[in-house]
Amino acid sequence: MVLLASSRHEVGAKSFPVLVYILVPLLALGLQSLLSLHLNRFDLIDLPLLITIYYAITQREPVSATLVGAVIGIAQDGLTHNALGIFGISKAVIGYSAASVGVRVDTENHGARLLLTFGFTLAQTVVLWLLQRHMLGQQYAWHGVHEVIRAVANALVGVVLFALLDQTRRTEY
Amino acid sequence: MESFFSRYRNALVLITVLVAQVIGLAVQVRRPDPNAPDKGGVRVIRSWVVGIVTPPEMLLHATGRGIRGAWMNYIDLIHVRKQDKELKEELDRLRLEEDSLAEDARQGQRLQALLGFREKYVYRTIAAQVIGTSGTEQSQVLLIDKGSQDGIKPDMPVITPDGIVGKTRDVFRHTSQVLEISDVTSGAGVILEKTRIRGVLRGDTWGQPEIVNVSPDERIQRGEAVLTSGGDAIYPRGLAVGTVERVIPQPEGTLVNVRVRPAANLSRLEEVLVISSTGAEMPSEMQQDLSDAEQKASDVLAEKLPSRADPNAPTDEQQDKPPAGNDADVLPPVKPPQALHPDHYTPSDTPPATDLVPGQRITNAQSAADGNESAPRPTRPQPGPAANTPTTKPAVTPAGPKPKPPATQAAPKPADQSPSPANGTPSTPPPTIPPQGGA
């Protein structure tokens, strides 16, 4: 069980400067909106989701991860024409789940990050599908291969992004 | 109790956050028109998010645009002379085309007026830069850098020179959301150009626009143009939407959906036009353009057809000059040109009406006597010598009892041709008509 946290060092919570807490989500939202305009199929990538997962698995605090996910999700809803709360609910669930898993898993391992991001991307799709299709009665495209491709793409981008974000944190023991 | 909250604190927070958002969702979904622009707290939250996210986007967009513009300007200068020549030639060709289309347009307006249609002309547009998207596949929304301060309101059509893009949805102070025609919740009234089949265009779940719930029709072919029908009261009629890509049968039912390839490249939009004002009257600028186009088209035509201004052609100054002594205000009568091969219908070949006799046939001899027999003319085969005999001569009466003169012969005749019986024996016997049916 290489991926499980085995020492106090591995489960030590990480903190970030306050500016990083504010600027990184905003930057993720802005880049998501801007790059989707210029790069074809960039909308497969969900930068706000990656930020939510990263904060959750590094903080390992379900309450703060839930709140951060909800705020980022509602902000993402603000850029769409959908009702506020669709991404808010899904990212709150993902944040809570990621923080809960992060306590038990070595999140410093790139393989673990890859698998976690892949799984949470699929989980968000399931939550969105449940919300939009069954709760709101809206149309939602569900295509298995497409969702797997999306999850793989997010996992690969996530590994690189998480490594970059690691440079901004400070470790607390 | 305290231990319960501390023990399940994480789960309780999660449930509280989820319940609060579900209640918020329920309130938003219960609106009478879910597609209408947001109001109240939802609008405030959207305004905050857009207000925070868009300024960096606008800055990045402007920077990239400046760098790209500087480079493209340099590239453009290389080919500018060749392009200038090509554009001038194309401009001449377009003027000629516009001249011919202008008359069709006027005729169309007259017919539409007769039929009671109301054409919408675009009076005013606002150019805007696309600065972002929603960033998700579930929402085909664009962000533009013009808002209520620039005169934009919700439900204004957004177009490019290639075709329609969508309509404005939420309008903020400096930015606006544009709902693309490829979104599931959008809707635009469209019509197929050739088959004249009407329908509603909206996006499918993959962001592809299609005309939904159309009756199957074999005439719908790939490549047929799709135009706005004007039936949605948002898009002016006649704007390009796209072309038919393929017909998709619905899984259930007998109707089909028609997949449309958008005329505007929705994935590569940089600048759009927001139609802020339309009207039923043709704008004065457009009328001026039409009249200018007609004038310029005639000039271009004169340049391209030198035979119309042949310097060696004989002048018609003598014919055009009015006769001396006439009043200057009275125009001389227009004389038709001399016919090369005159016939019965040539004006100068017809004898004056005073020389014509009812029932008399015009012969070649008469025409030749008038001096107009300049060319041989085809003659119709005559039934006999009597056919060429003038009807004023009496016909030879066959042997047998003399028939009674018909009633028409009892009519009074001019004195110089048929003297009255009271004057004695007539010098010329009255014409007789052979009896019908033989002896």
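Values in this document were obtained by computation on a predicted structure and should not be read as measured data.

Structural notes on the overall build of chain B
Then, in step 1: Regarding its fold elements, chain B presents eight helices and 12 strands.
Then, in step 2: Expressed as a percentage of its 439 residues, the buried residues of chain B come to 19%.
Then, in step 3: Considering only intrachain contacts with a sequence separation of at least 6, the fraction spanning at least 24 residues in chain B is 59%.

Focus on the overall build of chain A
Then, in step 1: Looking only at helices and strands, chain A has six helices and two strands in total.
Then, in step 2: The linear arrangement of helices and strands in chain A, starting from the amino end, is β-α-α-α-α-α-α-β.
Then, in step 3: With 173 residues in all, chain A has 46% of them scored as buried.

So, the sheet that holds strand β9 (residues 225-228) of chain B
Hydrogen bonds between backbone groups are what pair the strands of a sheet, and the pairing can be parallel or antiparallel.
Then, in step 1: One closed barrel holds the six strands; their spatial order is β6-β7-β8-β11-β10-β9 (chain B), and the pairing between them is antiparallel. Across the sheet, the mean angle from the axis of one strand to that of its neighbour is 45°, orientation sign disregarded.

Description of the interface of chain B and chain A
Then, in step 1: Listed per partner, the contact involves 39 residues of chain B and 33 residues of chain A.
Then, in step 2: Breaking the side of chain B that touches chain A down by element, the ones donating at least two residues are α2 (9-29), α3 (40-78), β1 (121-133), β2 (141-144) and β5 (176-180) of chain B.
Then, in step 3: If one sorts the elements of the side of chain B that touches chain A by residue count, α2 of chain B sits on top with 11 residues.
Then, in step 4: Looking at the side of chain B that touches chain A residue by residue, the class counts come to 20 nonpolar, 14 polar and five charged.

Overview of the nonpolar core
Then, in step 1: Core analysis: the largest hydrophobic core is formed by 85 residues, its most contacted members being Ile-53 and Ala-98 of chain A together with Ile-144, Ile-164, Val-165, Val-241 and Val-272 of chain B.
Then, in step 2: The residue makeup of this core includes at least three contributed by each of domain 1 (1-30) and domain 2 (124-280) of chain B.
Then, in step 3: Each residue touching Val-241 of chain B, except ones within four places of it in the same chain, is listed here: Gly-163, Ile-164, Val-190, Leu-201, Val-226, Leu-227, Thr-228, Val-260 and Ala-263 of chain B.

Section: the environment of Leu-26 of chain A
Then, in step 1: Note that Leu-26 of chain A resides in helix α1 (residues 18-38).
Then, in step 2: C-beta crowding within 10 Å serves as the criterion here: with 16 such atoms nearby, Leu-26 of chain A is assigned to the partly exposed category.
Then, in step 3: Taking the C-alpha atoms as reference points, Leu-26 of chain A and Pro-48 of chain A, separated by 22 residues in sequence, lie 8.8 Å from one another.
Then, in step 4: Discounting residues that sit within four places of it in the chain, Leu-26 of chain A has contacts with Ile-52 and Val-53 of chain B.

Things to note about the pairing of β5 of chain B
All names here are of chain B.
Then, in step 1: The buried fraction of β5 is high, at five of five residues.
Then, in step 2: What you see with β5 is no split at all: Ser-176, Val-178 and Glu-180 on one side and Gln-177 and Leu-179 on the other are buried throughout.
Then, in step 3: In terms of strand pairing, β2 meets β5 through four bridges, oriented antiparallel. By the bridge assignment, Leu-142 is partnered in β5 with Val-178.
Then, in step 4: Strand direction decides the pairing type here: strand β4 (residues 164-171) and β5, joined by four bridges, are antiparallel. What sits directly across from Thr-168, in β5, is Val-178.
Then, in step 5: Connecting β4 to the next strand, β5, in antiparallel fashion are four residues.

Regarding the environment of Arg-261 of chain B
Residue and element names in this part refer to chain B.
Then, in step 1: Mapped onto the elements of the fold, Arg-261 is located in strand β11 (residues 256-262).
Then, in step 2: For Arg-261, a count of 15 C-beta atoms within 10 Å gives the class partly exposed.
Then, in step 3: The contacts of Arg-261, once residues within four sequence positions are left out, are Gly-242, Thr-243 and Glu-245.

Quick word on the packing of α1 of chain A against helix α3 (residues 62-79) of chain A
Residues and elements named next belong to chain A.
Then, in step 1: Across the interface, α1 lies against α3 with an axial gap of 11 Å and an inter-helix angle of 30°. It follows that α1 is roughly parallel to α3 by the angle criterion. As α1 runs across α3, the sense of the crossing is right-handed. Taken together, the residues of α3 that come into contact with α1 (itself represented by Pro-25, Leu-29 and Ser-33) are Ile-72, Ala-75, Gln-76 and Leu-79.
Then, in step 2: In the contact of α1 with α3, the residues fall into five nonpolar, two polar and no charged.

Structural notes on helix α4 (residues 86-102) of chain A
Then, in step 1: With 17 residues, α4 of chain A ought to run about 24 Å at 1.5 Å a step, and its terminal C-alpha atoms sit 24 Å apart, in line with that.
Then, in step 2: Burial of α4 of chain A is extensive: 15 of the 17 residues sit out of reach of the surface.

Overview of helix α2 (residues 47-59) of chain A
Then, in step 1: Between its first and last C-alpha, α2 of chain A extends 18 Å over 13 residues, near the 18 Å set by a 1.5 Å rise per residue.
Then, in step 2: Within α2 of chain A, 13 of the 13 residues are buried, which leaves the element mostly enclosed by the surrounding structure.

Quick look at the confidence of the model for chain B
Residues and elements named next belong to chain B.
Then, in step 1: This prediction gives chain B a mean pLDDT of 73; 64% of its residues lie at or above 70.
Then, in step 2: β5 holds the highest mean pLDDT among the elements of chain B, 94, whereas helix α8 (residues 385-388) holds the lowest, 42.
Then, in step 3: Here residues 371-439 is modelled with pLDDT under 50, and outside its nearest four sequence neighbours on either side it reaches 39 contacts, counting other chains as well.
Then, in step 4: Interface confidence for the predicted complex, given as ipTM, is 0.83, next to a pTM of 0.65.

Section: the packing of α2 of chain A against α4 of chain A
All names here are of chain A.
Then, in step 1: Where α2 meets α4, the axes come as close as 7 Å, and the angle between the chain directions of the two elements is 35°. The hand of the α2/α4 crossing is right-handed. Here α2 contributes Pro-48, Leu-49, Thr-52, Ile-53, Ala-56, Ile-57 and Gln-59 to the contact with α4, which in turn contributes Lys-91, Ile-94, Gly-95, Ala-98, Ala-99 and Gly-102.
Then, in step 2: Counted by class, the contact of α2 with α4 contains eight nonpolar, four polar and one charged residues.

Here we look at the pairing of strand β6 (residues 188-192) of chain B
Residues and elements named next belong to chain B.
Then, in step 1: Burial runs high along β6: four of the five residues are buried.
Then, in step 2: Note that β6 and strand β7 (residues 198-203) share four bridges and pair antiparallel. Residue Gly-189 lies in a different strand from β7, and its bridge partner there is Val-200.
Then, in step 3: Note that β6 and β9 share three bridges and pair antiparallel. When the sheet's bridge partners are listed, Leu-192 is paired in β9 with Val-226.

Considerations on unusual backbone geometry
Residue and element names in this part refer to chain B.
Then, in step 1: Backbone geometry at Arg-196 places phi at a positive 60°, although glycine is not the residue there.
Then, in step 2: Turning to its location among the elements, Arg-196 is positioned in the loop between β6 and β7.
Then, in step 3: On the basis of neighbour count, Arg-196 is assigned to the exposed category, with 9 C-beta atoms found within 10 Å.
Then, in step 4: Positive phi is not limited to glycine here, since Asn-213 has a value of about 55°.
Then, in step 5: Structurally, Asn-213 can be placed in strand β8 (residues 209-214).

Conventions we followed
Residues numbered from 1 in each chain as written. Chains lettered and ligands numbered in written order. Predicted model: local features only at pLDDT ≥ 70, side-chain atom pairs only at ≥ 80, totals over all residues. Helix = DSSP H or I, 4+ residues; strand = E, 2+ residues; numbered from the N terminus. Buried ≥ 20, exposed ≤ 12 C-beta atoms within 10 Å, placed from the backbone. Contact = placed C-beta atoms within 7 Å. Pairing = 2+ DSSP bridges. Axes fitted to C-alpha atoms, helices over the stretch in contact; angles between N-to-C directions. Nonpolar A, V, L, I, M, F, W, Y, C, P; charged D, E, K, R; others polar. Core = buried A, V, L, I, M, F, W, Y, C linked by C-beta atoms within 7 Å. Domains from an automatic or database assignment. Parallel < 35°, antiparallel > 145°, perpendicular 65-115°, else oblique. Left-handed = near helix turned anticlockwise from the far one by under 90°. Expected span 1.5 Å × (residues − 1). pLDDT = per-residue confidence, 0-100.

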